[in-house]
Amino acid sequence: MIPARLRAAAPGWTATADVVVVGSGIAGLTAALHARAAGRVLLVTKALLDAGSTRWAQGGIAAALAPDDSPAAHFADTMTAGAGLCDPAAVEVLVTEGPDRVRDLAALGAAFDRDPEGVLELTREGGHLHRRIVHAGGDATGAEVERALLAAVAAADDIEVIEHALVLDLLLDAQRRACGVTLHVLGEGTRDGVGAVRARAVVLATGGMGQVYASTTNPDVSTGDGMAVAARAGAALADVEFVQFHPTALWSGPGAVGRQPLVTEALRGEGGILLDAHGRRVMTDVHPLGDLAPRDVVAKQMSRVMAEQGVDHLLLDVRGLGADLLTRRFPTLLANCAEIGVDPLRDPVPVAPAAHYASGGVRTDLHGRTTVGGLYACGEVACTGVHGANRLASNSLLEGLVFATRIGAALEQELPSPSQPQTSDRPDGLVSAAARTELQRAMTEGAGVLRSADSLQHTAKTLDAIAARIDGAPAPEAWETTNLMTVASALVTAAAHREETRGSHWREDYPDRDDARWLVRIQQRLAPDGEFAVEEVAVG
Ligand SMILES: Cc1cc2nc3c(=O)[nH]c(=O)nc-3n(C[C@H](O)[C@H](O)[C@H](O)COP(=O)(O)OP(=O)(O)OC[C@H]3O[C@@H](n4cnc5c(N)ncnc54)[C@H](O)[C@@H]3O)c2cc1C
């Protein structure tokens, strides 16, 4: 049973705004800039402003900008990746509005890489049949986008910002519409400790939930808070079973938990090969492309070999690339390896699959509206339906841009009147922060890359046992662990329900895609009794 009704300590302070935006990645910053048209904006974020996934994004942003490309071609590639579950209307919005949103970012000051004539350089990534990925600083796109958006927000004197402000829960009025948030601020002066922000609308832009697994490419802040907060308010979640795993994150030692640096696929593109502990090639005879097989195929094979051999990592041998290429093209790899005492010129690099991207989240319509009045969501926390069962590379930054902008336009038209928050009458306790690592390990073992009815049932039992150890201590870490428990439970419920293999959801006991039965979206709502109720809804 998941804590379904929580109540923060009585707020020690209250602030007001017309719109409160939660999160300061590409989605939150874009939403804040556009929501100004509707009224006073307060942006709150739980750590430093650039602590989210956005600044770590490497590849770039996909948009049909080349003369030989088109939104129709981008649409087709996105639908193919999504394996039958993309919402065509949402994809249409993404690909047709995408090019203008990228131009907006460039106009705002994002310095994308250009050729000597000043034309945007476009690269290609897996799954894209055209060159359509804009990038900045080579592989530092996210950092440049975050920098440009932060500069624009800093220059906007009608956006107030509070850092180190962990949003705990939504304030709901008598009609169960969102009318603000409760939050815990590590601040000073009058805004310190638990407070409340009363607002006419709330925009959740809290990013992903990679930290629900023991190993992830996501930063520490990606604890699925927005999904859990929305679920407790009664909002529908969708497609939660579809989590993309990156096959090669750096394995930094036994017991390593949390964010692991990404080891770029370009290394395999240049000739790097995956080996097991005995020096045998891992990808031989698995796929015609061998080490260059699609991400999900590589992650799955690696997980199988690791399970068979009872090991927690494999090896990526890049010694054949030579010192010159490694130093010139892959300085980030060399720096990350140096930190763990590995020299890729002499030793194979230890790697393991890691949770990378949540395709599902809080269900929204084409304007970011959730199923709860006054509550909007954008970016990785949202499920607009553009990714379906698998995200096409570099569509996620674009999704944040496009739908955050649309929320701004919707708010301008429909900002609700202020209303009075009600308090919940039967608050449950919080899950102990001490259970976090146990939860993450259980999720990786039973609900990670490879899943089956048995493994999911075992994980569900472990989650139940953890949930029974509610200790109620209202520390920020306990709120985060409770949120992890909530998204873990939603994920396991959906993954157990979907008895097929599709996109990034792999069931060992149902190895085939089954369009006759499963061409449906799994939507869930958290009931007051702490159980997720599953509903199958038509796609599109
Ligand atoms: C290593 C890596 C490489 C990637 N490369 C690419 C790429 O090349 N192209 C691409 O399209 N995508 C890429 N992605 C995915 C992409 O970066 C993310 O999907 C995207 O940045 C998400 O943006 P966001 O604004 O939704 O969330 P984030 O950027 O994660 O921001 C979330 C914000 O919410 C805040 N927050 C969270 N919880 C709370 C709370 N309770 N209270 C207050 N604030 C809160 C966080 O502190 C943060 O500010 C990559 C991801 C990773 C991890």
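Computed from a predicted structure; not experimentally measured.

Draft legend 1. A look at the site of the ligand. Of all residues adjacent to the ligand, which total 36 residues, the nearest are T54, G59, D225, E380 and S396. In this structure, an oxygen atom belonging to the ligand sits 3.0 Å away from a main-chain N or O atom of S24. G59 is positioned with one of its backbone polar atoms (N or O) 2.7 Å from an oxygen atom of the ligand. In the complex, 97% of the free accessible area of the ligand, which totals 1,000 Å², lies under the protein chains. Mapped onto the shell around the ligand, the elements with two or more residues apiece are α1 (26–35), β8 (165–172), β18 (349–358) and α10 (395–414). For the shell around the ligand, a count of residues per class yields 13 nonpolar, 19 polar and 4 charged.

Draft legend 2. Geometry of the nonpolar core. By size, the foremost hydrophobic cluster in this structure holds 66 residues, and its most contacted members are V44, L170, V202, V212, L439 and M443. Other than its neighbours up to four places away in sequence, L439 contacts V212, L463, I466, L484, M485 and A488.

Draft legend 3. Spatial organisation of the sheet that holds strand β1 (residues 13–16). Taken in spatial order, the 4 strands line up as β1-β10-β9-β8 in an open sheet, and their pairing is mixed. This sheet does not close on itself; its edge strands, each paired only once, are β1 and β8. Across the sheet, the axes of successive neighbouring strands diverge by a mean angle of 25°, strand direction being ignored. In this sheet, strand β10 (residues 193–198) lies alongside strand β9 (residues 178–185) in antiparallel orientation, the contact comprising 6 bridges. For V185, the partnering residue across the bridge sits in β10 and is G193. The strands touched by helix α13 (residues 476–497) are β8 and β9; relative to β8, the strand with the most contacts, the crossing angle is about 65°.

Rules used in this analysis
Residues numbered from 1 in each chain as written. Predicted model: local features only at pLDDT ≥ 70, side-chain atom pairs only at ≥ 80, totals over all residues. Heavy atoms only, no water. Near = heavy atom within 4 Å. Polar contact = N/O pair within 3.5 Å; in protein donor to acceptor, adjacent residues only side chain to side chain. Areas by Shrake-Rupley, 256 points an atom, 1.4 Å probe, with all protein chains shown as cover. Helix = DSSP H or I, 4+ residues; strand = E, 2+ residues; numbered from the N terminus. Nonpolar A, V, L, I, M, F, W, Y, C, P; charged D, E, K, R; others polar. Core = buried A, V, L, I, M, F, W, Y, C linked by side-chain atoms within 4.5 Å. Buried < 20%, exposed > 50% of the residue type's maximum accessible area, 1.4 Å probe, protein only. Contact = heavy atoms within 4.5 Å. Pairing = 2+ DSSP bridges. Axes fitted to C-alpha atoms, helices over the stretch in contact; angles between N-to-C directions.

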